[in-house]
Amino acid sequence: MDCGIHAREWISPAFCQWFVKEVRRIPGQITALILFLFLQSPAGYVYLWMWRKTRSRKSGSSCIGTDPNRNFNAGWCTTGASSNPCSDTFCGYSPESEIEVKNVADFIRRNKSIIKAYITVHSYSQLLLFPYSYTFELAATHSELLKVAEGASAALRSLYGTRYTSGPGAATIYPAAGGSDDWAYDLGVKYSYTFELRDTGRYGFLLPESQIKPTCEETMLAVKYIAAYVQKNL
Ligand SMILES: NCCCCC[C@@H](C[SeH])C(=O)O
Ligand SMILES: [Zn+2]
Ligand SMILES: [Zn+2]
Ligand SMILES: [Zn+2]
């Protein structure tokens, strides 16, 4: 699971920290091996405000950064991404050009025989997305991915009534190539999900502090649901 791949999505790293606390607090309840990676923003705090991309620079352009969620080698730069270095969805000069992306991809490639699920945590919109975003084609295991997503969303909703929409990325949010979820799925990680956490736009990325704990608690139920399903279907 990764959090904080997009610096401005503050609730995301907050959730990963909550997840670690919860998993350590109740050892054994989640026995599935869930690997979590924190992609702390390389930009440091000052750019967290509204910055989405990495902070890499390349001669020839005064613009900075690549969108890490368009830089994975999955339909790279074919749709929903820009080849303009100044765009917020710049796909990079080549797949895995960003060291943050290459490190995550290398880690998953090296460990793919023991990685049974991949979750990448973002905000906002309250969506539980799965492959594909780089095409409108349905994934080979579309119905299973949808079934698990709907079960996880129902588990999430059971706590505070927060409503999530589940579906394949392309049709549910927008077409977007180069995403980590599509890439992990095509590598063979059967259960691959993108969470877009709270809210639906009222506060957006600047989710009030009062909503951090409730968001983490409800999201924990969804992640536990996915982990339990994966465990039963290893
Ligand atoms: N792999 C793309 C999943 C759908 C889009 C996810 C959002 C998170 Se901010 C995006 O990267 O635009
Ligand atoms: Zn994001
Ligand atoms: Zn987002
Ligand atoms: Zn708890």
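Each remark here, short or long, concerns the structure printed above.
Treat the numbers as computed from the prediction; the structure is a model and nothing was measured.

Student: Run through helix H6 (residues 180–187), naming residues and quoting values.
Tutor: Think of an α-helix as turning once every 3.6 residues; residues three or four places apart then point the same way. When you tally the buried positions in H6, you get six out of eight residues, the bulk of the element. Every buried residue of H6 is accounted for by Ser180, Asp181, Asp182, Trp183, Ala184 and Tyr185. Structurally, H6 contributes buried residues whose contacts are with strand E1 (2–3), helix H3 (99–111), strand E3 (117–123), helix H4 (142–160) and strand E6 (191–197). Looking at the residues trailing H6, positive phi occurs at Gly188, about 120 degrees.

Student: Which residues make up the state of the cysteines, and what values do they have?
Tutor: Taken as a whole and judged by the stated rule, the model has three disulfides. Two residues share a disulfide in this structure: Cys63 and Cys86, whose sulfurs sit 2.0 Å from each other. Handedness here is read from the sign of the S-S torsion; for Cys63 and Cys86, about 95 degrees, the answer is right-handed. Of this pair, Cys63 sits in the loop between helix H2 (45–48) and H3 while Cys86 sits in the loop between H2 and H3, and the two are 23 residues apart along the sequence. Bridging Cys77 to Cys91, the disulfide has an S-S length of 1.9 Å. The sign of the S-S torsion, about -75 degrees, decides the handedness of the disulfide formed by Cys77 and Cys91: left-handed. Taken together, the residues span a long stretch of sequence, with Cys77 in the loop between H2 and H3 and Cys91 in the loop between H2 and H3 at a distance of 14 residues. Looking at Cys77, the relative accessible area reads 23%, which means it is partly exposed. Assessed through its relative accessible area of 1%, Cys91 is described here as buried. If you count the bonded cysteines of the protein from the N-terminus, they pair up as 1-2, 3-5, 4-6. A disulfide-free cysteine, Cys216 has its sulfur positioned 9.2 Å from the sulfur of Cys3, the nearest such atom.

Student: Which residues make up the coordination of the zinc ion (ligand 4), and what values do they have?
Tutor: Those protein atoms acting as donors to the zinc ion (ligand 4) are Glu22 (OE), Glu22 (OE) and Glu217 (OE), and they sit at 2.5 to 2.6 Å. On the criterion of sequence distance, the pair formed by Glu22 in helix H1 (residues 11–25) and Glu217 in helix H7 (residues 212–232) is long-range, its members being 195 residues apart.

The rules we used
- Throughout, a residue's number is its position along its own chain's written sequence, starting from 1.
- Just so you know, chain letters begin at A and ligand numbers begin at 1, following the order they were written in.
- Selection of residues for local features in this predicted model requires a pLDDT of at least 70, selection of side-chain atom pairs for listing and counting requires 80 or more, and totals for whole chains, interfaces and linings are taken over all residues.
- Hydrogens and waters are ignored; side-chain quantities use all the structure's heavy atoms.
- Think of it in three bands: residues with accessible area under 20% of the maximum for their type are buried, residues over 50% are exposed, and the middle band is partly exposed, with areas taken using a 1.4 Å probe on protein chains only.
- Helix and strand definitions follow DSSP, with helices as H or I runs of at least four residues and strands as E runs of at least two, each counted in order from the N terminus.
- Any pair of residues with heavy atoms lying within 4.5 Å of one another is described as a contacting pair.
- A pair of sulfur atoms, both from cysteines and within 2.5 Å, is called a disulfide here.
- A donor here means any N, O or S atom no more than 2.8 Å from the metal (3.2 Å for Na, K and Ca); water is not included, so a site may seem to lack partners.

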